[in-house]
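Secondary and tertiary structure notes
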Amino acid sequence: MHSEFPKIKNFIDGKFVEPKTGKYLDNIEPATGKPYSEVPDSGIEDVDLAVAAADKAFPAWSKKSAAERSKILLGIADIIERDLEKFARAESIDTGKPITLARSLDIPRAVANFRFFATAILHTENEAHVTDGVAFNYTLRQPRGIVGLISPWNLPLYLLSWKIAPAIAVGNTAIAKPSELTPMTAFLLGEACVEAGLPDGVLNIVHGTGSNVGAAMTGHPKITTISFTGGTVTGKKVAEACAPLFKKVSLELGGKNPNIIFADADLDAAIAGSVRSSFANQGQVCLCGSRVFVEKPIYKQFVAKFIEKVSQLKQGDPLDEKTEQGAIVNKAQLDKVKFYIDLAQKEGGKIALGGKPPDSPNERTRDGYFFAPTVIVDLPVACRTNREEIFGPVVTITAFESEDEVIGYANDVDYGLSSSVWTQNRLTRRWAGLRMADGSWSIPRRRI
Ligand code: NDP
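Criteria and cut-off values
Sequence positions are assigned chain by chain, starting from 1 and proceeding in written order. Local features in this predicted model are restricted to residues of pLDDT 70 or higher, and side-chain atom pairs are both shown and tallied only at a pLDDT of 80 or more, whereas totals for entire chains, interfaces and linings draw on every residue. Just so you know, side-chain values use all the structure's heavy atoms and leave hydrogens and water out. The criterion for an aromatic pair is that two Phe, Tyr or Trp rings (for Trp, the six-membered ring) have centres within 6.5 Å, with stacked assigned to planes under 30 degrees apart, edge-to-face to planes over 60 apart and tilted to the rest. Burial classification: accessible surface area is computed with a 1.4 Å probe over protein chains only, and a residue below 20% of its type maximum counts as buried, one above 50% as exposed, and the rest as partly exposed. What counts as a helix is a DSSP run of H or I of at least four residues, what counts as a strand is a run of E of at least two, and both are numbered from the N terminus. Here, the arc refers to the directions that run from the helix axis to the C-beta atoms. Neighbouring residues are identified by heavy atoms, a residue being near a molecule or strand if any of them is within 4 Å of it. Polar contact is the term for a pair of N or O atoms within 3.5 Å; when the atoms are in protein, one must be able to donate a hydrogen and the other to accept it, and sequence-neighboring residues count only if both atoms are side-chain atoms. Here the accessible surface of atoms and residues is derived via Shrake-Rupley with a 1.4 Å probe, and residues count as covered only by protein chains that are part of the display. Residue polarity follows a fixed list, in which Ala, Val, Leu, Ile, Met, Phe, Trp, Tyr, Cys and Pro are nonpolar, Asp, Glu, Lys and Arg are charged, and the others, Gly among them, are polar. pLDDT is defined as a per-residue confidence score from the predictor, taking values between 0 and 100. Any pair of residues with heavy atoms lying within 4.5 Å of one another is described as a contacting pair. Residues qualify for a patch when their relative accessible area is over 30% and they have no salt bridge, like charges being joined within 9 Å and the nonpolar side chains of Val, Leu, Ile, Met, Phe, Trp and Tyr within 5 Å. Salt bridges are identified by distance alone: a Lys or Arg side-chain nitrogen within 4 Å of an Asp or Glu carboxyl oxygen. Convention adopted: a line fitted to C-alpha atoms gives each axis, helices being fitted over their contacting stretch, and angles between N-to-C directions are expressed from 0 to 180 degrees. By definition in this entry, angles of less than 35 degrees are roughly parallel, angles greater than 145 are roughly antiparallel, angles of 65 to 115 are roughly perpendicular, and the rest are oblique.

In this section: the packing of aromatic side chains. Considering all chains together, one arrives at 11 aromatic pairs under this definition. With a centroid separation of 5.1 Å and an interplanar angle of 85°, the aromatic rings of Phe 339 and Tyr 340 are classed as edge-to-face. Note on Phe 339: relative accessible area 40%, which makes it partly exposed. Since its relative accessible area comes to 7%, Tyr 340 is described here as buried.

This is the structure:
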């Protein structure tokens, strides 16, 4: 514990409070590898307090008119937008992502999330059905009570607000647990909620680890609904904890997404899109296209141009305005990336670019968690590197000869989160060929 660092507090019943455990964890800045604040290491007692606050707030909040709730949520959006620079800087320091990305994507998206759901609730409808003139059935959309919201570290405010906004907009009260690796913007969100006049207890934020706070939430009988975004292994634990309590659960999990480039694609557009989809946020996005498949006639040309473009990405201090590639979120994630680089070579892959940490961008970031954008070729399709989620700045490129062959490759993983296809021949491609997250076979969406 380093008492000289600022302390993040839990946000319970409208107040910023110390954790009942009295314990804190270091919050490390990925770009420097050094702690710069402390985050509560909360426990079950803190979750109980949050549940009691949410329970107390529910009757009044759920009975407010949609117009009243909408006004408060719009107020939260306005405050985040007003303080965009403060939020963006905090997100960049906490995650290691380039400040320009936090400024252009993460924080504006959090604002948009609040605005979207604040206005959506003004236009909802309930359905009624008359069955053969004998029965009259109707659907009422009502808040469920106290909901638990658990989010990961890669897009902290973006993903947390995507859960919080709809949950409280419709009249639920909520307990949110951000990743303890990236708690800062959730802390700032609590301040924005107070300023916007959100009634006490409607949103409670309990910081801490998944094994303590997360597990206490999934096991709490009064939290009837859980929305979770994170890794597949953790998602399984969440599902197992919720099933015996018959909770309503939403799980958004990992991906190992295929990005397919046909020979007729607009090559420049496909390369620009693929560089972005491979390396945005240092490859730490669930929708990243981490497996690129290129049709044989353009394979060599694609690889050469792709490598040229990737090598131009400016890696540096995330707070530098020119930086396009920042730091990896923590040492464990960096070690995981290194592990897969070794494994890829054992599996026959060739490192065509990167494969190691870069020179340190500046003195401040000498001990930061950086890894160069990495391109791997010549790997067999069915190997661990091509089948397991790395969640870092690593992409593999594989050649294919036919559409059937590449659809087989694309689906040869346990994941099914997203797929991309680059072609100018939209009408004749067999669009219904790629497996989606729920196991169905559907139309792949072109990456935007
Ligand atoms: P994790 O699964 O490790 O953690 C996600 C959240 O769950 C964290 O807040 C974590 O806390 C918490 N948690 C951990 N264990 C438990 C538990 N037993 N019960 C309840 N909660 C728990 O994911 P990461 O944070 O490492 O995020 C990366 C993963 O998220 C990647 O796999 C990525 O693909 C996925 N992801 C999916 C998205 C989608 O929309 N499908 C979007 C973004 C990311 P703690 O931090 O303490 O471990």
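With that out of the way, let us pick up helix α13 (residues 403-410). Listed as buried for α13 are Val 406, Ile 407 and Ala 410. An end-on view of α13 places all buried positions within 105° of arc, on one side of the element.

Looking now at the site of the ligand. Around the ligand lies a shell of 28 residues, among which Glu 180, Gly 210, Thr 234, Leu 253 and Glu 389 are the nearest. In this structure, an oxygen atom belonging to the ligand sits 2.6 Å away from a side-chain N or O atom of Thr 234. In this structure, an oxygen atom belonging to the ligand sits 2.6 Å away from a side-chain N or O atom of Glu 389. Within the complex, 86% of the 900 Å² of free accessible area of the ligand lies under protein. Elements represented by at least two residues in the shell around the ligand include exactly α7 (210-218), β10 (223-229) and α8 (232-242). A per-class count over the shell around the ligand returns 11 nonpolar, 12 polar and five charged.

Confidence along the chain averages 94 in pLDDT terms, with 94% of residues attaining 70 or more. Across residues 439-448 the pLDDT falls below 50, and counting only partners more than four positions away or on other chains, this stretch makes 32 contacts in the model.

Where nonpolar side chains cluster on the molecular surface, the patch consists of Val 130, Phe 136, Tyr 138 and Leu 140 and spans about 480 Å² of accessible area. Note on placement: Phe 136 falls in strand β6 (residues 135-138).

Turning next to the packing of helix α3 (residues 84-95) against helix α6 (residues 184-196). Across the interface, α3 lies against α6 with an axial gap of 8 Å and an inter-helix angle of 155°. Considering their axes alone, α3 and α6 lie roughly antiparallel with respect to each other. Contacts from Lys 86, Phe 87, Ala 90, Glu 91 and Asp 94 in α3 reach Met 184, Thr 185, Leu 188, Leu 189 and Glu 191 in α6. Partitioning the contact of α3 with α6 into residue classes produces five nonpolar, one polar and four charged.

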